[in-house]
Amino acid sequence: MSKNLVHKVPKNFHDAHITPQKYKEMYQRSIDDPNGFWADMATEFLDWNQTWNRVVDYNFSKGQAQWFSGAELNVSYNCIDRHLPKRAKQTALIWESDNPEESMEISYADLKTEVCKLANTLKSRGVKKGDRVCIYLPMIPQAAYAMLACARIGAVHSVVFGGFSPEALKDRILDADCRLVITADESTRGGKNVPLKANVDKALAHCPDVHTCLVVKCTHNDIPWVAGRDICYRDSVSVMSADCPPESMAAEDPLFILYTSGSTGKPKGVLHTTAGYLLQAAMTFKYTFDYREGEVYWCTADVGWVTGHTYIVYGPLCNGATSLMFEGVPTYPDAGRCWDIVDKHKVNIFYTAPTAIRALQAQGDEFVSRSDRSSLRLLGTVGEPINPEAWEWYHRVVGDARCPIVDTWWQTETGTHMITALPGATDLKPGSASFPFFGVQLALLNEDGSEVQGAGSGYLVVKSSWPSQIRTIYGDHQRLIDTYFSTYEGYYFTGDGATRDADGYYWITGRVDDVLNVSGHRMGTAEVESALVLHPKIAEAAVVGFPHDIKGQGIYCYVTLMDNAEVDGNLRAELIALCSREIGPIAKPDVIQWAPGLPKTRSGKIMRRILRKIAESDMDSLGDITTLADPTVVDTLIKDRISMMA
Ligand code: ATP
Ligand code: MG
């Protein structure tokens, strides 16, 4: 796990959009002359109906930011119409069904028709500029149509992940005061049907202001129907005109609300606006993924997460790219599905999360090696720190040691990539997200708020506004100020900790809440987890602190074995020795609990706050677990914890 291991920029990236020299020049200019830099980017990347009076105005202590005030544009026009002269026939979206036999290609011309028809349906149901629309759909093309149709008429979408419970859905519909919901009869994942419409019915029982529910029929199984409220998507769009002029929107008009995944508490309705968001989405997509004309790009995230918003829909389409959307799961029909899809659609760029990489790694290399994957040129990750072990596997086995990996650090609140390698410009260090994107000014702060100089560790903050910055928490601006702008005056506080090494690379150590303080030594839970998963029998680990009489905090490890591995008499001692060797004797685990599964959010992130409670044996205050992918995991962990104490 050497932090000095470097993968050089490969030869086939020497002609990338951004070379080392260009990165230096552009980054420097973006800091020295942000107004000039962003004005140039705005002209290069977007089409405007009206130009701006000012590039940026912001005030962090009030949580305010305005980009391109006075300007007007439309997001759906930028993602669709302006490409038509050149790309009407080019595929905009490739849809791969849960069923491996089924897929579909949607051209830019088709996309325009679908989006306009749906936009006209929304209008016919009284949706106007500024109204909120809830989208609760599977990973089907209609999810992208729905987002773009809202953008076309100036409605604000709130996409709620299709795996959320009726309760979680209801809370989000009410919080955003949505009046119209777009859903499907059922979604299909891994061959199993999920009753989306039935969930909506339960949620809407408590949402009297929702007057319309548009239903896409996917499985065509019988579902309850509320006359007057429920409308069949297909019947409705089929009679609509395929022409719907895009609404000219102010740069700062809201584009969408998106609730964060809730790893750390009550979900927040993060609000993003039109111009700044789209600009940085388009720029990061082109530069981070070094996207080239005609390439096929696949991001495995769900559209219910910000990654799906920015890097399945807005970033790719704004660049006129071909974006693949996958309805299913990586392990159905078997753990080779992703690589089958890569071969089937000749995917060039593949973007996924460390949790998915570890899960596939645990199933063995054969599922990967049976495929060709020669179309792949670049790999990416997002969501949490990637442990170098998984990085190396992804690089060596999936990418045949040929494809660079861009590790992208960002948040729902940042809207787009903030720290990332650029494949033609950055020598890669596995486990480091490397350098700030253009215009992003970072600092690491000490406890007392002073800035760490040079190499060192601290709280990761951003020093100045960036275009795709969160504008407010819907309905609660004070919460925005309290959460992000009050901890350290004059900075945006990310909530994450990081280390900067002597070469200036950033290493995210995890959420600040996840930092351990063992006998006065601070270390990130991610470091201990990375050490544990080096053991060939270990698939995944989650580490939390717990109160310890002598050390202040002890190290509590939840460890999941590889599929075919078993606990033998030595394993515990081997793991302790491993942590001691990799990090130091101070990092020796105090407790190791074997965990058949870990509590994860629907986007695959470990909910450490729950694990902390279990480690502390405080089972009564687990808090909100409605956003967990599989709540039964928690019961098992509690049962085992209780029997460990007996
Ligand atoms: P909530 O804010 O509701 O608790 P969340 O933080 O999990 O949920 P996201 O906005 O999806 O919701 O995740 C952003 C966080 O994910 C970052 O703050 C960071 O902790 C982690 N993260 C994302 N990408 C990376 C990465 N490449 N390396 C390290 N950590 C990452
Ligand atoms: Mg967060």
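None of the values given here were measured: they were computed from a predicted structure. (Residues numbered from 1 in each chain as written. Chains lettered and ligands numbered in written order. Predicted model: local features only at pLDDT ≥ 70, side-chain atom pairs only at ≥ 80, totals over all residues. Heavy atoms only, no water.)

Trainee: I would appreciate a short explanation of empty space enclosed by the protein in the present structure.
Mentor: Empty space among the atoms becomes visible once a probe the size of a water molecule is rolled across them. Within the structure shown, the criterion is met by two cavities of 30 Å³ or more. Taken as a whole, the largest cavity spans an internal volume of roughly 50 Å³. Grouping the constituent residues of the lining of the largest cavity by class yields six nonpolar, three polar and no charged. For the second largest cavity, the calculated volume is near 30 Å³. Among the elements of the structure, α13 (354–362), α15 (388–398) and β28 (538–548) are those that each provide at least two residues to the lining of the second largest cavity. (1 Å grid on protein atoms, 1.4 Å probe; cavity = no way out; pocket = protein on both sides within 12 Å on 5 of 7 lines; lining within 4 Å. Points joined across faces, edges and corners; volume = space filled by probe spheres on them. Nonpolar A, V, L, I, M, F, W, Y, C, P; charged D, E, K, R; others polar. Helix = DSSP H or I, 4+ residues; strand = E, 2+ residues; numbered from the N terminus.)

Trainee: Where do I start with the UniProt feature "domain: Acetyl-coenzyme A synthetase N-terminal" (unreviewed entry) in the protein chain in this structure?
Mentor: UniProt records the feature "domain: Acetyl-coenzyme A synthetase N-terminal" (unreviewed entry) at residues 23–79, using the numbering of this structure. Annotated as 47% helix and 25% strand, the span residues 23–79 places its first and last C-alpha atoms 26 Å apart. (UniProt positions renumbered as here; feature names shortened; annotations may be inferred.)

Trainee: Help me understand the nonpolar core, please; the structure alone is not making it clear to me.
Mentor: Most often, soluble globular proteins have nonpolar side chains that are buried together. If you look at the biggest cluster of nonpolar residues, it comprises 179 residues, and the most contacted ones within it are Phe68, Leu111, Met283, Tyr314 and Phe438. No other element matches helix α6 (residues 141–153), which puts ten residues into this core. Excluding residues that lie within four positions of it along the chain, Leu111 makes contacts with Ile80, Ala92, Leu93, Ile106, Tyr145, Leu148 and Leu317. Counting residues in hydrophobic clusters, the runner-up holds 24 residues, among them Leu516, Val518, Ala541 and Ala565. (Core = buried A, V, L, I, M, F, W, Y, C linked by side-chain atoms within 4.5 Å. Buried < 20%, exposed > 50% of the residue type's maximum accessible area, 1.4 Å probe, protein only. Contact = heavy atoms within 4.5 Å.)

Trainee: I tried to follow the pairing of strand β2 (residues 64–69) on my own but got confused; where do I start?
Mentor: Side-chain direction in a regular strand flips from residue to residue, so the side chains alternate between the two faces of the sheet. In the sheet, strand β1 (residues 54–59) pairs with β2 via five bridges, with the strands oriented antiparallel. The partner of Tyr58 across the bridge, within β2, is Ala65. Remark: four residues form the turn of the hairpin made by β1 and β2, two consecutive strands paired antiparallel; Gly63 in that turn has positive phi of roughly 65 degrees. (Pairing = 2+ DSSP bridges.)

Trainee: What should I look at first to understand the packing of aromatic side chains in this one?
Mentor: The geometry of an aromatic ring pair is captured by two quantities: the separation of the ring centres and the angle between the planes. Throughout the structure, instances matching the rule amount to 41 aromatic pairs. Summarising the aromatic geometry, the rings of Phe161 and Phe164 are spaced 5.9 Å apart at their centres and angled 85 degrees between planes, so their arrangement reads as edge-to-face. Pairing Tyr459 with Phe493 gives two aromatic rings, centres 6.1 Å apart and planes at 90 degrees, and the pair type is edge-to-face. Within this pair, whereas Tyr459 is found in strand β22 (residues 456–462), its partner Phe493 is found in strand β24 (residues 492–500), the two being separated by 34 residues in sequence. Assessed through its relative accessible area of 13%, Phe493 is described here as buried. Sitting above the plane of the Phe164 ring, Arg172 keeps its charged end 4.5 Å from the centroid. In this arrangement the basic side chain of Lys217 is found over the ring face of Trp225, its NZ or CZ atom lying 4.7 Å from the centre. (Phe/Tyr/Trp six-rings, centres within 6.5 Å; stacked < 30°, edge-to-face > 60°. Lys NZ or Arg CZ within 6 Å of the ring centre and 35° of its normal.)

Trainee: What should I look at first to understand the side chain of Ser187 in this one?
Mentor: Residue position: Ser187 is located in strand β9 (residues 187–189). The exposure class assigned to Ser187 is buried, which follows from its relative accessible area of 5%. Excluding residues that lie within four positions of it along the chain, Ser187 makes contacts with Pro138, Lys192, Asn193, Val194 and Leu196.

Trainee: Teacher, can you tell me more about helix α10 (residues 275–288) here?
Mentor: Note: α-helices contain 3.6 residues per turn, so residues at a spacing of three or four share the same orientation. Compared with an ideal rise of 1.5 Å per residue, which puts 14 residues at 20 Å, α10 spans 20 Å between its outermost C-alpha atoms and is within 8% of the ideal. Buried residues dominate α10, accounting for 13 of its 14 residues. Phi turns positive, to about 45 degrees, at Asp290, one or two residues after α10. (Expected span 1.5 Å × (residues − 1).)

Trainee: Any chance you could explain the pattern of salt bridges here in plain terms?
Mentor: When their charged atoms lie close together, side chains carrying opposite charge are able to pair. All chains considered together, the criterion is met by 39 salt bridges. Its salt-bridge partner being Glu252, residue Arg471 comes within 2.9 Å of it at the nearest N-O pair. With Arg471 in the loop between β22 and β23 (472–473) and Glu252 in the loop between β13 (249–250) and β14 (254–259), this pair connects stretches of sequence that are 219 residues apart. By relative accessible area, which is 8% here, Arg471 ends up buried. When the shortest N-O distance is used, the salt bridge between Asp290 and Arg292 registers 2.6 Å. (Salt bridge = Lys/Arg side-chain N within 4 Å of Asp/Glu carboxyl O.)

Trainee: Is there a simple way to think about the confidence of the model for the protein chain in this case?
Mentor: One rule of thumb: low pLDDT means the predicted coordinates there are not for detailed reading. Averaged over every residue, the pLDDT of the protein chain is 95; residues scoring 70 or more account for 99%. Among the scores for the predicted complex, ipTM is 0.99 and pTM is 0.91. (pLDDT = per-residue confidence, 0-100.)

Trainee: Would you take a moment to explain helix α8 (residues 196–204) for this structure?
Mentor: The element α8 is extensively covered by neighbouring structure, given that seven of its nine residues are classed as buried. Three or more residues of α8 are buried, namely Leu196, Lys197, Asn199, Val200, Asp201, Ala203 and Leu204.

Trainee: How should the environment of Arg179 be read in this particular structure?
Mentor: Mapped onto the elements, Arg179 comes out in the loop between α7 (166–176) and β8 (180–184). When its relative accessible area of 36% is taken as the criterion, Arg179 is described as partly exposed. Those residues in contact with Arg179 that sit more than four places away from it in its chain are Arg132, Asp209, Val210, His211 and Thr212. Among the polar contacts listed, one links the side chain of Arg179 to the side chain of Asp177, at a separation of 3.0 Å. (Polar contact = N/O pair within 3.5 Å; in protein donor to acceptor, adjacent residues only side chain to side chain.)

Trainee: Where do I start with the packing of α6 against helix α11 (residues 306–318) in this structure?
Mentor: In a pair of packed helices, the angle between the axes and the distance between the axes together describe the arrangement. Look at α6 against α11: their axes get within 11 Å of each other, and the N-to-C directions meet at 60 degrees. By the angle between their axes, α6 is oblique relative to α11. Relative to α11, α6 is oriented so that their crossing is right-handed. From α6, Ala144, Met147, Leu148 and Ala151 reach across to α11, where they touch His309, Val313, Tyr314 and Leu317. Classifying every residue of the contact of α6 with α11 gives seven nonpolar, one polar and no charged. (Axes fitted to C-alpha atoms, helices over the stretch in contact; angles between N-to-C directions. Parallel < 35°, antiparallel > 145°, perpendicular 65-115°, else oblique. Left-handed = near helix turned anticlockwise from the far one by under 90°.)

Trainee: Is there a simple way to explain the packing of helix α5 (residues 108–124) against α6 in this structure?
Mentor: At a minimum axis separation of 8 Å, α5 and α6 run at an interaxial angle of 65 degrees. Crossing angle aside, the handedness with which α5 passes α6 is right-handed. Contacts between α5 and α6 involve Leu111, Lys112, Glu114, Val115, Cys116, Leu118, Ala119, Leu122 and Lys123 on the former and, on the latter, Tyr145, Ala146, Leu148, Ala149, Cys150, Arg152 and Ile153. Grouping the constituent residues of the contact of α5 with α6 by class yields twelve nonpolar, no polar and four charged.

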